[in-house]
Amino acid sequence: TQSDSEKRENVDVSDSEEELDEELDEKIKAESDSEHDEKHVDEVAENKVFTDIAQLEIDDAKLDMSKNSHQLTEVEQSTGISSAEATAARLKWSQIQANTLNLSRRLCEKLRLVMEPLVATKLQGDYRTGKRINMKRVIGYIASGYRKDKIWLRRTKPSKRNYRVLLAVDDSESMQKSGAGDMALAALAVLSNGMNQLEIGELGVASFGEEMKLLHQFHQAFTSESGPALVSNFTFDQKRTRMALCVESAIAALEGDTDSSMKLVFLISDGRIERDSRSKLRKLVREMTEKNILLVVIIVEGDATAKKTNKDSIVNMKEVTFENGKPKVKYFIEDYPFPYYMILEEMSSLPEVLGDALRQWFEMLAQIQSQGTGY
């Protein structure tokens, strides 16, 4: 019995010691938690409160940087591209321009002979009245007893070109799939730079597909920054090529406020058009002729080496039509609604081919207008 009572006392003592240890541990843990919480509150309060002038200066700098980045984002959103995309577009245009520089010069000289000046800005002629005296006629005027009085000059000699030209590039998916996108941009560079060197007058650039967008306004000068801006807008991802809508939009754009007597439209495309739009296109082309607008379609088909064996070339394409209920197979190009078009096989021949073709087309257009007949 005595041993049992001693065992009970020992158990009670051990239990009390364990309870005391647990209470002590809980107290220590509570104190440490309270210290941690106080420390955490102090740290949070320190992060929220800024009293250091140096930190305020840093914050001002950070604020300026965030403001500038916000302004840059607004510019990028307004232009639709990021700074990286703008750099890539500038590099791509520089490469295209370097590869086509010689072609642009040749085209400029070719067009100089074809597209004659329209605005009379130089003095010429022998008139009884005018703006300036022809000094070569003064001696004869005095020797004739003041009878040969045609000694005046007038501004009747054309020396300035005042054409209104629209370059429209197909931005549809078919251009990318056929590989014609790069060649279309190269053709755009040749035409725009060549006409800019010639001081052709007003030059506008547009993209078309499901809709038409005027990317470069007519009244704006074509500068070194115009090319990269144009390249960045061509993605060649539009689902359709609504050619009739493009021609209608081109007519509306060319009929703006202008004093130009001659207008031209160059459509750079792979030539694929919707079958049910051919009759409407013929009507629109006729309307353009009546309004003294020359429409030229430049069909590009990508790499020249691949074109020889490519069955999808517009020259080899066939379509099925039904006449009197019977199917008839014919070439796609046979019933093409555009009277003036060229198939661009290689870039090196573009200046000469286009120059000679424009000379013939100008003569044909003048003859049609003089006769007063359509196509």
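This write-up is about the structure you can find in this document. Everything numeric in this text was worked out from a predicted model, so none of it was measured.

**Some points on the overall build of the protein**
Part 1: Of regular secondary structure, the protein possesses eleven helices and eleven strands.
Part 2: Counting all 375 residues of the protein, 35% fall into the buried class.
Part 3: Taking the contacts inside the protein whose residues are at least 6 apart along the sequence as the reference set, 78% of them involve residues at least 24 apart.
Part 4: Summing over all exposed atoms, the protein offers an accessible surface of approximately 23,100 Å²; the carbon and sulfur share of this is 50%.

**Overview of the sheet that holds strand S7 (residues 262–269)**
Part 1: Spatially, S6-S5-S4-S7-S8-S11 is the arrangement adopted by the six strands of the open sheet, whose pairing is mixed. This sheet does not close on itself; its edge strands, each paired only once, are strand S6 (212–216) and strand S11 (341–344). Strand-to-strand twist of the sheet, defined as the mean angle between neighbouring strand axes without regard to direction, takes the value 25 degrees.
Part 2: Strand direction decides the pairing type here: strand S4 (residues 163–170) and S7, joined by seven bridges, are parallel. Across the sheet, leucine 167 pairs through a bridge with phenylalanine 266, a residue of S7.

**Looking at a nonpolar patch on the surface**
Part 1: A contiguous nonpolar surface patch, about 310 Å² in accessible area, is contributed by Val320, Phe322 and Val329.
Part 2: By the secondary structure assignment, valine 329 is in strand S10 (residues 326–331).

**Brief notes about the nonpolar core**
Part 1: Counting residues in each nonpolar core, the largest one holds 54 residues, and the members touching the most others are Leu264, Phe266, Leu294 and Leu358.
Part 2: At eleven residues, the largest contribution of residues to this core is made by helix H6 (residues 181–198).
Part 3: Once residues within four sequence positions are removed from consideration, phenylalanine 266 is found in contact with Val165, Leu166, Leu167, Ala168, Leu191, Met195, Val296, Ile298, Leu354 and Leu358.
Part 4: Ranked by size, the runner-up nonpolar core spans 29 residues in total, among them Leu254, Ile299, Ile333 and Tyr336.

**Regarding the packing of helix H8 (residues 243–254) against helix H9 (residues 278–290)**
Part 1: Where H8 contacts H9, the two axes come as close as 9 Å, and the packing angle between them is 15 degrees. Considering the angle they form, H8 stands roughly parallel to H9. Here H8 and H9 pass one another in a crossing that is left-handed. Of the residues in H9, those in contact with Met243, Ala244, Val247, Glu248 and Ile251 of H8 are Lys280, Leu281, Leu284, Glu287 and Met288.

**Structural notes on the pattern of salt bridges**
Part 1: For the coordinates displayed, the defined rule picks out 15 salt bridges.
Part 2: Here aspartate 356 makes a salt bridge to lysine 110, at a shortest N to O gap of 3.4 Å. Placement of aspartate 356 in helix H11 (residues 350–371) and of lysine 110 in helix H3 (residues 83–114) is noted, with a sequence separation of 246 residues between them.
Part 3: A relative accessible area of 24% places lysine 110 in the partly exposed class.
Part 4: Lysine 291 is the salt-bridge partner of glutamate 255, the closest N and O atoms lying 2.5 Å from each other. Pair noted here: glutamate 255 is in the loop between H8 and S7 and lysine 291 is in the loop between H9 and strand S8 (293–300), with a separation of 36 residues, a long-range link.
Part 5: By relative accessible area, lysine 291 is classed as partly exposed at 32%.

Conventions we followed
Residues numbered from 1 in each chain as written. Predicted model: local features only at pLDDT ≥ 70, side-chain atom pairs only at ≥ 80, totals over all residues. Heavy atoms only, no water. Helix = DSSP H or I, 4+ residues; strand = E, 2+ residues; numbered from the N terminus. Buried < 20%, exposed > 50% of the residue type's maximum accessible area, 1.4 Å probe, protein only. Contact = heavy atoms within 4.5 Å. Areas by Shrake-Rupley, 256 points an atom, 1.4 Å probe, with all protein chains shown as cover. Pairing = 2+ DSSP bridges. Axes fitted to C-alpha atoms, helices over the stretch in contact; angles between N-to-C directions. Patch = residues over 30% accessible without salt bridge, like charges linked within 9 Å, V, L, I, M, F, W, Y side chains within 5 Å. Salt bridge = Lys/Arg side-chain N within 4 Å of Asp/Glu carboxyl O. Core = buried A, V, L, I, M, F, W, Y, C linked by side-chain atoms within 4.5 Å. Parallel < 35°, antiparallel > 145°, perpendicular 65-115°, else oblique. Left-handed = near helix turned anticlockwise from the far one by under 90°.

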